[in-house]
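Structural overview
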Amino acid sequence: MWPGLIAALALVDPAFSATYTISSPTTISAADTTYDGHDIIVTGTTLTIDGAHNFNSLQLTNSSTLTHSLSASQKLVLTSNTLTIDSTSRIDVSEKGLLPSSDVGIRAGGSYAGPATTGYATTNAPYGDLRQPNEFGMGGRGANTNLTTRGGGGIKLVVGDLTLNGAILANGETGEYSSFEGGGSGGSIWIEADTITGTGSISANGARGDTYSSGGGAGSGGRIAIYYNDISGFDLNNIEAVGGNDSDRGIYASVGTLYLKSKTSTTGDIRISHQNISRAPLPLPLADNGSDRLTVTGRARVSLSDRYSDVNIEQYAVAILQGSVQFDSLNLRAYSQVTTPEAGSADDPKVILTANTLTIDNTSRIDVSEKGLLPSSDVGIRAGGSY
C-alpha cells in the first residue's frame, strides 16, 4: 500500500467543506493539508499534488491538468466524494516515472507490465501486481548513461462518483531523435469508484524509442486496475495500456495489463489487448490468473506456463504455451491461435495442454507448424529433414 494512503481512505463529510478555486499554477505538497476535506475547482491551470490527500469534491475544467512532481517518492493518491474531469482537462502523470535502472542497457526501452524491446543490450525484468498496480513505470536508456527517458508516473484514485470526459494518463516518455534513447514504459493507474461515467479515456501506454538510424527500443505498456460498483456509463474500449512501437525492429513492446472488478463480485476480469494494431507485440508473460477470467484480444500476444481458470483468446490474439499448461476452460474464437515457442534442441520440454473444456471456433486453431528443430549436423546440403 502506498505511504500515507490509509489516512486518506475515508471519504470526507461535506458539511465541513469550503470551496477553493485554483486558477494559477499551484503545488500541494505531501505535508500540506490546507485543501483537505474541501471542494476544489481547478480552472485553466496546472495543479501539482504529491502524497495522499482527501477532498470533498474535485473539478478539473477549462484545459486544466492535475499531476504529481517528478519524484520517485511522491505518487498521486487522491480520495474524493466526487471527481469531475471535463472534456478539455486531464489527470496526467505521463513521463513522471522512473529513470532507467542499472538493468536497462544501452538503447533499450523500459519494462513494466511486460518486456520492452531492446537495441543492443538487455533490459530490466517486468514487475508489479496487475491487481494492485502501485509502481512507477521504468525509463529507457540511450547511447550512453546520460541519455535517458522516464516511465509513466503513478496514480491512485478512491472516489464516490467519477465523471470522466477528459483523460487520465500515465504514458511513458518518447526517445529523443538521434539520441538512441529507448522509450519509457507506461505507468500505473489504480481507480476505486462507486460509479464511472463519461466519454473520456484512460491510458498507460509505453513509448517508442528514438527512430534515428537503428534507434532505441520501445517501452512496455503499464498497468491499470479499476474497482467499481457501476461502470455501465463508460466505454471500456477507451482504456488502453499498449507497448511502444519499435519501428526499426518491426515489433511493438509488450502490452500492459487491465484488471476490472465489480466490488460486488468475487472474481474479476484480466483483459489484455493490443488494440487491434496490426504489427505484433512481444509476448506478455502471465502467471496463474486465480479465479479471475482472462481475455486476450485485439492482436495481443501472451506467454502462458502455469495453471489458469477461464481463458478466452479472441480477435487475432495469440497464446504461446510453454511446458505443462492447465486450463479449466480454454476458448479460441475470432481468428485466434495457440502455439508454442520454436524448439531450441531435442531436449526442450514438450508442451502439454490440459483443459476441462476446450472450444475452437471455425476461424481459430492450435498450430505448431514450423516450430520444430533446425537441421542437425546429420542433415546434408540440400537435404530434407527426417522424422
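This next bit is on the overall build of the chain. The helix and strand tally for the chain stands at zero helices and 27 strands. The C-alpha atoms of the chain give 23 Å as radius of gyration, which agrees with the globular expectation for 387 residues (21 Å, within 12%). Taking the principal axes of its C-alpha atoms as reference, the chain extends roughly 85 × 50 × 30 Å. Counting only residues that meet the buried cut, the chain has 51% of its 387 residues in that class. For the chain, contacts bridging at least 24 residues in sequence account for 60% of all contacts bridging at least 6. Approximately 16400 Å² of the chain is accessible, and the part contributed by carbon and sulfur atoms is 48%.

Here we take up the nonpolar core. With 39 residues, the main nonpolar core has I91, I168, I191, I202 and I226 as its most contacted residues. Secondary-structure elements contributing two or more residues to this core are β3 (39-43), β4 (46-49), β5 (51-61), β7 (76-85), β9 (154-164), β11 (188-198), β13 (223-234) and β17 (257-262). Sequence-distant contacts of I168, that is, excluding residues within four places in its chain, are made with I85, I91, I155, L157, L162, I189, I191, S201, I202 and S203. If you look at the next biggest cluster of nonpolar residues, it comprises 26 residues, including L130, W190, V296 and A317.

Considering the arrangement of structural elements, one finds N124 in the loop between β8 (90-92) and β9. The buried category is assigned to N124, whose relative accessible area is 6%. For the pair N124 and G109, spaced 15 residues apart in sequence, the C-alpha separation works out to 8.8 Å. If near-sequence neighbours (up to four positions away) are discounted, N124 is found in contact with S101, D103, V104, G109, G110, S111 and M138.

Strand-to-strand pairing in sheets goes through backbone hydrogen bonds, with the strands running parallel or antiparallel. One open sheet accounts for five strands, arranged β19-β21-β23-β25-β27; its pairing is parallel. The outermost strands of the open sheet, each flanked by one partner alone, are β19 (284-286) and β27 (365-366). With two bridges joining them, strand β25 (residues 337-339) and β27 adopt parallel strand pairing. Bridge assignment links V338 to a residue of β27, and that residue is I366.

On to the packing of aromatic side chains, then. Throughout the structure, instances matching the rule amount to five aromatic pairs. Ring geometry for Y20 against Y35: centres 5.0 Å apart, planes inclined by 70°, an arrangement best described as edge-to-face. With Y20 in strand β1 (residues 19-22) and Y35 in the loop between β2 (26-28) and β3, this pair connects stretches of sequence that are 15 residues apart. Judged by relative accessible area, Y20 falls into the partly exposed class, the value being 30%. We note R131 situated over the ring of Y259; from NZ or CZ to the ring centre the distance is 5.6 Å.

The backbone phi angle of S63 is positive, close to 60°, even though this residue is not glycine. You can see S63 is positioned in the loop between β5 and β6 (65-67). Of note in this structure, R382 is not a glycine but carries a positive phi near 60°. Tracing the sequence through the fold places R382 in the segment after β27. Assessed through its relative accessible area of 86%, R382 is described here as exposed.

A few words now on the confidence of the model for the chain. Looking at the chain, pLDDT values average 93 and 95% of them are 70 or higher. Low pLDDT (under 50) marks residues 1-10, which in the prediction has 25 contacts with non-local residues, meaning those over four places away or in another chain.

This part takes up the sheet that holds β2. The parallel open sheet is built from seven strands, whose spatial order is β2-β4-β6-β8-β10-β12-β14. Lying at the two open borders of the sheet, with one neighbouring strand each, are β2 and β14 (239-240). As judged from the two bridges shared by β6 and β8, these two strands associate in the parallel manner. Paired with L66 across the strands is I91, a residue of β8.

The rules we used
Residues numbered from 1 in each chain as written. Predicted model: local features only at pLDDT ≥ 70, side-chain atom pairs only at ≥ 80, totals over all residues. Heavy atoms only, no water. Helix = DSSP H or I, 4+ residues; strand = E, 2+ residues; numbered from the N terminus. Rg over C-alpha atoms; globule rule 2.2 N^0.38 Å. Buried < 20%, exposed > 50% of the residue type's maximum accessible area, 1.4 Å probe, protein only. Contact = heavy atoms within 4.5 Å. Areas by Shrake-Rupley, 256 points an atom, 1.4 Å probe, with all protein chains shown as cover. Core = buried A, V, L, I, M, F, W, Y, C linked by side-chain atoms within 4.5 Å. Pairing = 2+ DSSP bridges. Phe/Tyr/Trp six-rings, centres within 6.5 Å; stacked < 30°, edge-to-face > 60°. Lys NZ or Arg CZ within 6 Å of the ring centre and 35° of its normal. pLDDT = per-residue confidence, 0-100.

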